[in-house]
Amino acid sequence: MLNNSPYIRANNSVTRVMLKVLLALLPAVAAYVWQFGIGVLVQLALASATALAAEALVLKVRGKPVQLFVTDLSAIVTAWLIALAFPSIGPWWMVVVGTAIAIVVGKHLYGGLGQNVFNPAMLAYAVMIVAFPSLMSQWPSSQLDTAGQFHAIFGISDPATRALDAITSATPLDTLRTGLRAAGASVDSVMQSQVFGWAGGKHWEWVTLGYLIGGVWLCQQKVITWHIPTAFIVSLGVISGLFWVIHPVHYASPLLHIAAGASMLGAFFIFTDPVSAASTPRGKLIYATCAAILTYLIREFGSFPDGVAFATLLLNICVPIIDMKTQPPVFGHKND
Amino acid sequence: MNATLRKLFSFNGGVKPQTNKLDSTREPIAQLPLPAQFVVPLHQSVGGVPIPLVSVGQKVLKGERVGAPDGNYSSAIHAPTSGTVVAIEPRLMAHTSGLTMLCVVIEPDGKDEWIATEKLAYHSLPADEVRDYLRDAGVVGLGGAVFPSHVKLKAGKNTPMKTLVINGAECEPFITCDDLLMRERPELILRGVAIMRELLQAEEAVVGIEDNKPEAVASMQAAAAKFEHIQIVAVPTRYPAGGAKQLIRVLTGIEVPHGKRSTDYGVQCFNVGTAYAIYEAIELGRPLISRIVTVAGNVEKPRNYEVRFGTPMDFVAQHAGVKAGTDSFVMGGPMMGFRMPALDVPVVKATNCIIASSPALFPPPPPEMPCIRCGECARACPTDLQPFEMYWHSRAKNFGKTQEYHLFDCIECGCCAYVCPSNIPLVDYYRFAKTEIWARERQKDAADSARVRFEARNDRIEREKREKAEKLAARTAAARSSAITSGDAAINATEDDPKKALIAAAMARAKAQKADAEHAAPVAAPAASTSESQPNAGEQP
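Residues numbered from 1 in each chain as written. Chains lettered and ligands numbered in written order. Predicted model: local features only at pLDDT ≥ 70, side-chain atom pairs only at ≥ 80, totals over all residues. Heavy atoms only, no water.

**Here's the deal with the overall build of chain B**
Applied cut-off: Helix and strand assignments come from DSSP, with helices taken as H or I runs of at least 4 residues and strands as E runs of at least 2, each series counted from the N terminus. Note that the radius of gyration is over C-alpha atoms, with the globule rule given as 2.2 Å times the number of residues to the power 0.38. The criterion used for residue contact is that any of the two residues' heavy atoms lie within 4.5 Å. Here the accessible surface of atoms and residues is derived via Shrake-Rupley with a 1.4 Å probe, and residues count as covered only by protein chains that are part of the display. Neither His nor the chain ends contribute to the count of charged residues, in which Lys and Arg are positive and Asp and Glu negative. All charge positions are set by atom: Lys at NZ, Arg at CZ, Asp at CG, Glu at CD.
Each helix and strand counted, chain B has 16 helices and 17 strands in total. Relative to the 2.2 N^0.38 estimate, which gives 24 Å for 541 residues, the radius of gyration of chain B is 33 Å and therefore markedly larger than a compact globule would have. In terms of principal-axis extent, the alpha carbons of chain B reach across some 115 × 60 × 50 Å. Across chain B, contacts joining residues at least 24 apart in sequence account for 73% of those joining residues at least 6 apart. Accessible surface for chain B amounts to roughly 24800 Å². Of this, 55% is attributable to carbon and sulfur atoms. Side chains of chain B carry 62 positive and 62 negative charges; the gap between the two charge centres is 3 Å.

Here you go:
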């Protein structure tokens, strides 16, 4: 009874925060299903079930209150981000293994909710793309029907013999890479490919738009602040614009960089993960700017088609120092 | 003066909890009958504990001093009514700790007879005397901090006083005592303000009232027409706009840093209730024996009462009709208040509100979750701190780091804990860290002074040894020179061997001492060195 003030609390909870993040992902999920079929829903279900099971198991082993933490929905958020970051027609075990790695290694080995140094979803993505680079690059083509998607996800077949070309399609960034590097073609000629749409990848632009809508809503709900998305998008635009202006034959346009790949997912849902991101206003700007630069450099000069995951992990390491060096001035000390 | 003319500033952060103020503002301020007993704590303000001036069995009059201020940084205590002192003993304090403290227990005689009071002709008196008078009238800050007002009624040494800020913001939910006082006695408050402005030689006085109290703003504005250099300003409703530093910021744009006096920036801040108390003390000659107290929460009819200090809280609350389910009282508001250890603790100068608390009104907090660094607390902090960083370091008992993150700038307003989605009792962590740091500083101070004493003692022993050796050397030299002149054979040997001479001299002294000891009591025998260290034995750390 002798608890201390304040005795009243705003109607807020971790569950509520996580629920809002999940709601904000729905427009993108809807667009994904609309454009590419129900594969992504299967992946979301697989990831969610794995996340809950892994979370409950580890909590039990660690002697933590299982129900309290399982119902906070944080594991589901991680699961959804994994399901959306992984190819939606990847074999079922990939998303299961990835999610288990995220929850067990990425989250609980560091101490559980709030303690993880790395973004668990991106950690899982990095592990899986290093371990299974070709499977992680099989993205669905929009013509693949439901049966085909199910077969791709659950079909027991050797990856090497899967009739990949019929069902998969390279992502725009992948196409661009391959075109520029292997074929030595110019951006313009590569961009003739039908994988490109009016902004970014064909069909993908709708998913991107979904992330944008959900992300703006998250800002409006004050679950995230404007700093990281704005700084990331602007910086990515500026750095890609710089290269593009200097050498448009070799470097893709800012619009493509901003709209394609995981840029929007990253800007609003990955880099903004509060646990692993910088927390001060200035720190967030620095963090997101560096994230944009790294993402761009990895895309253009690295050996992976997208750079969001590795940029996240590299910057997660820098968070303590960024926060420490960017403490905002305290009331009355602004002129110190 | 027109309220809209003033440029207002804002502070960062803050929260907007449900105000719950309407219910207690429907009825005017009510007077209370006399309780069976008053339990008047002697220590009701910041500063020295007043010294009891009365004895058991003594008759006292209403307003008679029962506690004298202990030094200038203290404030007097007075009898709330006429009657008999029946006890002077430790009683439970109006504080969460459940500690007791010396109280004067007075049984009323029912006559409620005032001591002789007269208006203080403060215009003709030096300011220092007026300040002493206010100290002896027991006037302290009634906004909740109970800081002795006379200490604050002094302009800074180097900065001319520009703005006297009068705090009528009353930002805490439930509390309406200042609201009702401003509605009902605006002119008397402003007369107090005028006195304070004169004492401080301030250019202007500005009364800040949160704009959720339009009646109070209107009544104060109407009354202010008769005064010069007093402005009534409605400020945006956002907790903690009534924090002194926040209100000063809103009204003047000045940010007074932690540890600095606001007078160094040409501002000073008082509560409207304090202004009223100063009016009563000076214009009526009445010491501070009562205040307006809001009774709210789990009661039938929330209302404001004029309550004398020493009245048991349950006596006050029962007039508002305490409802079933009330398990304790909270003194102050829900954001910064304290839960009382018992229902019958006395109302003191800091009691602005009594909230009848029930599990339905203030449910126990949901289980504490880990911090997810969401930063809600930092956005809500009116002092621009990073509360979650301080939380991590407090939790880790990394107290040095908490101070690097400006722990002591925290005003414990509770905004961070209010918004925290993980239900972390953040303010508790800061209170814990602060008390730990204070305890360590006290320990360190004690150790430091012990070290200083120890070093001083070592120095002294060293010095005495040196002086003795010098004296001895001088004596030996003198002996030697006398021996040369006398030509004595025995001492001649010393020229060959000075050491032998010293030994001989020492043996002679020992012989003499032995002879003395045989005469005197054995107690006198201990060697000089031990007797010398004895007085200091207790100083060894």
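**Considering the packing of aromatic side chains**
Inclusion rule: Centres within 6.5 Å are what make two rings of Phe, Tyr or Trp a pair, Trp counting through its six-membered ring; a difference in plane orientation under 30 degrees is then read as stacked, over 60 as edge-to-face, and the rest as tilted. Charge-over-ring placement is defined geometrically: NZ (Lys) or CZ (Arg) within 6 Å of the ring centre, and within 35 degrees of the ring normal.
Overall, the coordinates contain 25 aromatic pairs over all chains when judged by the stated rule. Taking the centre distance of 4.5 Å and the plane angle of 35° together, the rings of phenylalanine 36 of chain A and tryptophan 204 of chain A count as tilted. Residue phenylalanine 36 of chain A is found in helix H1 (residues 14-36), and its partner tryptophan 204 of chain A is found in helix H11 (residues 204-220); the two are separated by 168 residues along the sequence. Residues phenylalanine 408 of chain B and tryptophan 438 of chain B carry aromatic rings whose centres are separated by 5.8 Å and whose planes lie at 50° to one another, so their mutual orientation is tilted. Here phenylalanine 408 of chain B is found in the loop between helix H11 (399-404) and helix H12 (415-419), whereas its partner tryptophan 438 of chain B is found in helix H13 (residues 426-486), with 30 residues between them in sequence. Through a chain of ring-to-ring contacts, three or more aromatic side chains come together here, namely Tyr32, Phe36, Trp139 and Trp204 of chain A. Taking the ring centre of phenylalanine 270 of chain B as reference, the NZ or CZ of lysine 152 of chain B above it sits at 4.4 Å. If you follow arginine 238 of chain B out to its NZ or CZ, it ends over the ring of phenylalanine 11 of chain B, 4.4 Å from the centre.

**Some remarks on the domain arrangement of chain B**
The criterion, for reference: All the domain ranges listed were derived from an automatic or database domain assignment.
Under the domain assignment, chain B is made up of domain 1 (3-331), domain 2 (376-437) and domain 3 (451-533). With centres defined by C-alpha atoms, the gap from domain 1 of chain B to domain 3 of chain B works out at 71 Å.

**A look at the packing of helix H12 (residues 227-246) of chain A against helix H14 (residues 263-270) of chain A**
Residues and elements named next belong to chain A. Heads up, the rule is: For helices, the fitted axis covers only the stretch in contact; all axes are lines through C-alpha atoms, and the angles between them, taken along N-to-C directions, range from 0 to 180 degrees. The cut-offs work like this: below 35 degrees is roughly parallel, past 145 is roughly antiparallel, 65 to 115 is roughly perpendicular, and the gaps in between are oblique. In this scheme the handedness of a crossing depends on how the near helix is turned from the far one: anticlockwise by less than a right angle means left-handed, clockwise means right-handed.
Interhelical geometry of H12 versus H14 gives an angle of 155° and a closest axis separation of 8 Å. Viewed along their axes, H12 and H14 adopt a mutual orientation that is roughly antiparallel. As H12 packs across H14, the resulting crossing turns out to be right-handed. In this structure, H12 contributes Ile228, Pro229, Phe232, Ile233 and Leu236 to the contact, and H14 contributes Ser263, Met264, Ala267 and Phe268.

**Comments concerning the domain arrangement of chain A**
Residue and element names in this part refer to chain A. Heads up, the condition is: By convention, the term buried area covers the 1.4 Å-probe accessible surface removed from two parts as they join, with the contributions of both added.
Each assigned domain of chain A is listed with its residue range as follows: domain 1 (12-169) and domain 2 (211-325). Taking only C-alpha atoms, the centre of domain 1 and the centre of domain 2 are 21 Å apart. Residue-level contacts link 23 residues of domain 1 with 20 residues of domain 2. With both sides pooled, the region where domain 1 packs onto domain 2 buries about 1900 Å², and carbon together with sulfur makes up 79% of that total. By the criterion of area lost to domain 2, the three top residues of domain 1 are Lys20, Asn119 and Met122, representing 26% of everything that side buries. Looking at the side of domain 1 that touches domain 2, the elements that each hand over two or more residues are H1, helix H4 (74-85) and helix H6 (120-131).

**Looking at the environment of lysine 20 of chain A**
Residue and element names in this part refer to chain A. Mapped onto the fold, lysine 20 is located in helix H1. Taking the C-alpha atoms as reference, lysine 20 lies 8.3 Å from glutamine 221; in sequence the two are 201 residues apart. For lysine 20, the contacting residues outside a window of four places in its chain are Trp217, Leu218, Gln221 and Val223.

**Brief notes about helix H10 (residues 387-395) of chain B**
Residues and elements named next belong to chain B. Filter applied, for reference: Each residue is assigned to one of three classes by its accessible area relative to the maximum for its type, calculated with a 1.4 Å probe on protein chains only: buried under 20%, partly exposed between the two thresholds, exposed over 50%.
Within H10, seven of the nine residues are buried, leaving the element largely enclosed by the surrounding structure. The complete set of buried residues in H10 reads Pro387, Phe388, Glu389, Met390, Tyr391, His393 and Ser394. Once H10 finishes, lysine 397 follows within two positions and takes phi at roughly 55°, a positive value.

**Re a positive patch on the surface**
Residue and element names in this part refer to chain B. Our working rule: The patches reported here contain residues having more than 30% relative accessible area and no salt bridge. Joining distances are 9 Å for like charges and 5 Å for nonpolar side chains (Val, Leu, Ile, Met, Phe, Trp, Tyr). What counts as a salt bridge is simple: a side-chain nitrogen of Lys or Arg found within 4 Å of a carboxyl oxygen of Asp or Glu.
Side chains of Lys465, Lys468, Lys471, Arg475 and Arg509 sit close together on the surface and give a patch of like positive charge. Broken down by element, the positive patch gets its largest block of residues, four residues, from H13. Structurally, the position occupied by arginine 509 is in helix H15 (residues 498-519).

**Quick look at the sheet that holds strand S2 (residues 38-41) of chain B**
Residues and elements named next belong to chain B. Threshold: A strand pair is defined by DSSP finding two or more bridges across the two strands.
Across the sheet, four strands lie side by side as S2-S8-S7-S4; this open sheet has antiparallel pairing. Edge positions in the open sheet fall to S2 and strand S4 (59-60), since each of these has one partner strand only. Pairing analysis gives nine bridges linking strand S7 (residues 83-92) to strand S8 (residues 100-108), with the strands arranged antiparallel. If you follow isoleucine 88 over to S8, its bridge partner there is valine 104.

**Re the environment of valine 295 of chain B**
All names here are of chain B. By the element assignment, valine 295 lies in strand S13 (residues 290-297). C-alpha separation for the pair valine 295 and valine 322, spaced 27 residues apart in sequence, amounts to 9.6 Å. Among all residues touching valine 295, those that are not within four sequence positions of it are Ser24, Pro302, Arg303, Tyr305, Val316, Ala317, Ala320 and Ile354.

**Some details on H1 of chain A**
All names here are of chain A. Going by this rule: The span one expects for a helix is its residue count, reduced by one, times 1.5 Å. What the bend at a residue measures is the angle between two axes, fitted to the seven residues ending there and to the seven starting there.
With 23 residues, H1 ought to run about 33 Å at 1.5 Å a step, and its terminal C-alpha atoms sit 32 Å apart, in line with that. The largest bend along H1 reaches roughly 35° and is located at leucine 26, with the proline proline 27 sitting one to four residues downstream. At the exit of H1 stands glycine 37, carrying a positive phi of roughly 90°.

**Topic: the pattern of salt bridges**
In a structure, side chains of opposite charge can pair up when their charged atoms sit close to one another. Residues and elements named next belong to chain B. Tallying each qualifying case throughout the model produces 31 salt bridges over all chains. In this structure, lysine 62 and aspartate 112 form a salt bridge, with 3.3 Å as the shortest nitrogen-oxygen distance. Separated by 50 residues along the polypeptide, lysine 62 in the loop between S4 and strand S5 (65-68) and aspartate 112 in the loop between S8 and helix H1 (127-136) bring together distant segments of the chain. Aspartate 112 sits in the partly exposed class, given a relative accessible area of 22%. The salt bridge involving glutamate 283 is made with arginine 191; its shortest N-O contact spans 3.4 Å. You can see glutamate 283 sitting in helix H7 (residues 272-283) and its partner arginine 191 sitting in helix H4 (residues 186-200), a full 92 residues away along the chain. When its relative accessible area of 30% is taken as the criterion, arginine 191 is described as partly exposed. Each of Arg65, Asp132, Arg135 and Asp136 takes part in one network of salt bridges that share partners.

**Digging into the interface of chain B and chain A**
Selection criterion: Polar contacts, as counted here, are pairs of nitrogen or oxygen atoms within 3.5 Å of one another; within protein the pair requires one atom able to donate a hydrogen and one able to accept it, and residues that are adjacent in sequence qualify only if both atoms are side-chain atoms. Amino acid classes used here: Ala, Val, Leu, Ile, Met, Phe, Trp, Tyr, Cys and Pro are nonpolar; Asp, Glu, Lys and Arg are charged; the rest, including Gly, are polar.
On the side of chain A, 41 residues touch chain B, which itself brings 57 residues to the contact. Around 4000 Å² of area is buried between chain B and chain A when both sides are counted, 58% of it from carbon and sulfur atoms. Among the residues chain B hides against chain A, the three largest losses belong to Arg339, Ile372 and Arg373 of chain B. Together they make up 17% of the total. In this assembly, chain B and chain A are joined by one salt bridge. Among the salt bridges present, the one from aspartate 323 of chain A reaches arginine 373 of chain B, with a minimum N-O distance of 3.1 Å. At the boundary of chain B with chain A, the tally comes to 15 residue pairs in polar contact (both at pLDDT 80 or more). Those elements that place two or more of their residues in the side of chain B that touches chain A are helix H6 (244-252), strand S15 (328-331), strand S16 (338-339), helix H9 (376-380), H10, H12 and H13 of chain B. In terms of residue class, the side of chain B that touches chain A is made up of 31 nonpolar, 12 polar and 14 charged.

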